[in-house]
Amino acid sequence: MGYHETLQKIKSREAHIGVIGLGYVGLPLVSAFIEGGFQVTGFDIDRAKIDMLEARESYIEHIGREQIAAIFSSGRMHATDAFDAICAVDVIVICVPTPLNAKREPDLGPVLNTGAAIAPHIRAGQLIVLESSTYPGTTDEELAGVLSSSGLQADEDYYLAYSPEREDPGNPDFTTGTIPKVVGADCDAARDLALALYESIIEKVVPVSSTRAAEAVKLTENIFRSVNIAMVNEMKVILDAMDIDVWEVIDAAATKPFGFMPFYPGPGLGGHCIPIDPFYLTYKARQYGHETRFIELAGEINTQMPAYVVERIKSALRENGVSELKKANILVLGLSYKRDVDDMRESPSLVIMSALKEAGAAVDYHDPHIDEIKVTRAHPHLAGQKSLPFSSDILDDYDAVVILTDHRAVDYELLASHARLIVDTRNAMHGMEPKGKLVKA
């Protein structure tokens, strides 16, 4: 099957779509393709995920059991960990993680291992799209290089494109289908196929000239956020020393109708994109003889924020009569990296909890979205700790309650009525008058 046959199958929605990686990016994409009328096979190396999906269970909070049931009740969904089924699909979309290694350098292992796993099974005429966030050159050099072991050549035998994921878990205002989709490819045929694919399920698709340009788009988006968050985090530290409320300053500045965009400080950066993606560009830039001083400085500032929060907690406790952390009972509110999700990836809450425990504090947590801390690479010692119920009796037991994630499901009025000391890193207590002491951090 060649270009014209693949294009016709996509446009007629007869194409069989394969999605590799059924996580926060891949699973919503599967749902969108099913809703678009396509037949889909989902691939994942984690057999536990496959078993849960086949049992109509979800492992991602904002993708409920009803949505999983709808995906499978269509009769057009199959999930598997057998990659030899790749030969049966017309389109392959790769949505695997791109983490950092222990040296804070890009780890393309998941992408390249996926390429190696599918290479023996790809065939002529297929469209292969990488969605994982990465540095320019990954698609046309790294992935294409691994796939060449198939004996097929990119953009000659099969077609290769890059389209960065733009999922925003927990955001009710946007879905996979309503977030504009950037698509890049290195030949017209691959670009046309990728455009036809995404136009069938997404309202607006934005073509760019190459896979490298599309890869750079994703990095630019997240570096923009990282740098601006670093700026307001630095402003927070400075203004705290001057006894000025940074939240008040930002809100007032945001009334300017031009030339200003509000970003807000926090206890540090979390999630799979903003703390990681800038270092992908830093790594690649060095290969071209350039240093990314501005980007790296932003990363340093954001990385230092958990330590700043811990110092603010120590200071607030002392002022409230608790002389040392090792004498403190502390309740952390919120483990996920952002509001109203169950995603703990790179969460600064884990860093802060670990630091408080290492200093001898007794630390519990409440998170309405995370019942138990799972094993993480950086904080395995926290695994197994369970979320405590949120009640007035519980709140009375703690020397300090630290708000690290401002989940909407938390009763902040109850917190204000019972906590002796609240350390608020998210301005969640804005407008309230707590019974005890309130410290912003």
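Each chain carries its own residue numbering, running from 1 in the written order of its sequence. Reporting of local features is limited, given that this is a predicted model, to residues whose pLDDT is at least 70; pairs of side-chain atoms are given and counted only at 80 or more, and all residues count toward the totals for whole chains, interfaces and linings. Where side-chain values are given, they derive from all heavy atoms of the structure, hydrogens and water being excluded.

Novice: Lay out the overall build of the protein with the relevant residues and their values.
Specialist: The helix and strand tally for the protein stands at 14 helices and 13 strands. Restricting the calculation to C-alpha atoms gives the radius of gyration, and the globule rule supplies 2.2 Å times the number of residues raised to the power 0.38. Its C-alpha atoms give the protein a radius of gyration of 24 Å, within 12% of the compact-globule value 22 Å for 441 residues. Once the C-alpha set of the protein is aligned to its principal axes, its extents read approximately 75 × 50 × 40 Å. The contact criterion used is simple: two residues touch if any of their non-hydrogen atoms lie within 4.5 Å. For the protein, contacts bridging at least 24 residues in sequence account for 68% of all contacts bridging at least 6. The accessible surface values rely on the Shrake-Rupley method and a 1.4 Å probe; as for residues, cover is taken only from the protein chains in view. A total of about 19,100 Å² of accessible surface is found on the protein, and carbon and sulfur atoms cover 52% of it. Put simply, the protein has 41 plus and 64 minus side-chain charges, and the middle of one group is 3 Å from the middle of the other. A run of H or I in DSSP becomes a helix once it reaches four residues, and a run of E becomes a strand once it reaches two; helices and strands are each numbered from the N terminus. His is not counted, nor are the chain ends; Lys and Arg add positive charge and Asp and Glu add negative charge. By convention, the point assigned to a charge is CZ for Arg, NZ for Lys, CD for Glu and CG for Asp.

Novice: Lay out the environment of Leu404 with the relevant residues and their values.
Specialist: Looking at the element boundaries, Leu404 is found in the loop between strand 11 (400-403) and helix 14 (412-418). Considered as a pair, Leu404 and Ile60 are 344 residues apart in the sequence and their alpha carbons are 21 Å apart. Contact partners of Leu404, with chain neighbours within four places excluded, come to Pro267, Val309, Val332, Leu333, Gly334, Ser349, Ile352, Thr425 and Arg426.

Novice: Can you tell me about the sheet that holds strand 5 (residues 127-130), naming the residues and giving the values?
Specialist: An order of 3-2-1-4-5-6-7-8 is seen for the 8 strands of this open sheet, with the pairing classed as mixed. Each edge of the sheet is formed by a strand with only one pairing partner; in this case those strands are strand 3 (77-80) and strand 8 (205-208). Pairwise comparison of adjacent strand axes, ignoring direction, gives a mean angle of 25° for this sheet. DSSP bridges decide pairing: two strands pair if at least two such bridges lie between them. Relative to strand 7 (residues 181-185), strand 6 (residues 159-162) runs antiparallel, the two being bridged by 2 bridges. The residue of strand 7 that forms the bridge with Tyr162 is Gly184. Axes here refer to lines fitted to C-alpha atoms; in helices the fit is confined to the stretch in contact. Angles between the N-to-C directions go from 0 to 180 degrees.

Novice: Describe in detail the side chain of Arg426, supporting the description with residues and values.
Specialist: Here Arg426 shows up in the loop between strand 12 (421-424) and strand 13 (437-440). Of the polar contacts made by the side chain of Arg426, one reaches the backbone oxygen of Leu404; its length is 2.8 Å. With residues near it in sequence (within four places) discarded, Arg426 still touches Trp247, Gly266, Pro267, Tyr337, Ile403, Leu404, Thr405 and Asp406. Think of a polar contact as two N or O atoms within 3.5 Å of one another; within protein, one of them needs to be a possible hydrogen donor and the other a possible acceptor, and neighboring residues in sequence only count if both atoms come from side chains.

Novice: Now, about the pattern of salt bridges: what can you tell me, with residues and values included?
Specialist: Throughout this description, the term salt bridge denotes a Lys or Arg side-chain nitrogen within 4 Å of a carboxyl oxygen of Asp or Glu. Within this structure, the stated rule accounts for 27 salt bridges. For Arg212, the salt bridge goes to Glu141, with nearest N and O atoms at 2.6 Å. Taken together, the positions of Arg212 in helix 8 (residues 211-241) and Glu141 in helix 6 (residues 138-147) put the pair 71 residues apart, joining distant regions of the chain. Exposed residues in this analysis have more than 50% of their type's maximum accessible area, buried residues have under 20%, and partly exposed residues fall in between, with area computed by a 1.4 Å probe over protein chains only. A relative accessible area of 26% places Arg212 in the partly exposed class. The class for Glu141 is partly exposed, based on a relative accessible area of 40%.

Novice: Could you give me a rundown of the packing of helix 1 (residues 3-11) against helix 7 (residues 188-199), with the residues and numbers involved?
Specialist: Viewed as axis vectors pointing N to C, helix 1 and helix 7 meet at an angle of 15°, and their least axial separation amounts to 9 Å. In terms of orientation, helix 1 and helix 7 fall into the roughly parallel class. Of the two possible hands of crossing, helix 1 and helix 7 adopt the one that is left-handed. Contacts between helix 1 and helix 7 pair Tyr3, Thr6, Leu7, Ile10 and Lys11 from the former with Ala189, Asp192, Leu193, Ala196 and Leu197 from the latter. Asp, Glu, Lys and Arg are counted as charged, while Ala, Val, Leu, Ile, Met, Phe, Trp, Tyr, Cys and Pro are counted as nonpolar; the rest, among them Gly, fall into the polar class. Here the contact of helix 1 with helix 7 is built from residues that sort into 7 nonpolar, 1 polar and 2 charged. For classification, angles of less than 35 degrees are called roughly parallel, those exceeding 145 degrees roughly antiparallel, those between 65 and 115 degrees roughly perpendicular, and all remaining angles oblique. Put simply, a crossing is left-handed when the front helix is turned counterclockwise from the back one by less than a right angle, and right-handed when it is turned clockwise.

Novice: Quick one: what's the story with the sheet that holds strand 11, residue by residue and with numbers?
Specialist: Across the sheet, which stays open at both edges, the 5 strands sit in the order 10-9-11-12-13 with parallel pairing between neighbours. Strand pairing shows two members of the sheet lacking a second neighbour, strand 10 (362-366) and strand 13, which therefore form its edges. Across the sheet, the mean angle from the axis of one strand to that of its neighbour is 20°, orientation sign disregarded. As judged from the 4 bridges shared by strand 12 and strand 13, these two strands associate in the parallel manner. From the neighbouring strand, Ile422 faces strand 13, where its bridge partner is Leu438. Its contacts with the sheet put helix 12 (residues 348-358) on strand 9 (329-333) and strand 10, and the angle it makes with strand 10 is roughly 155°.

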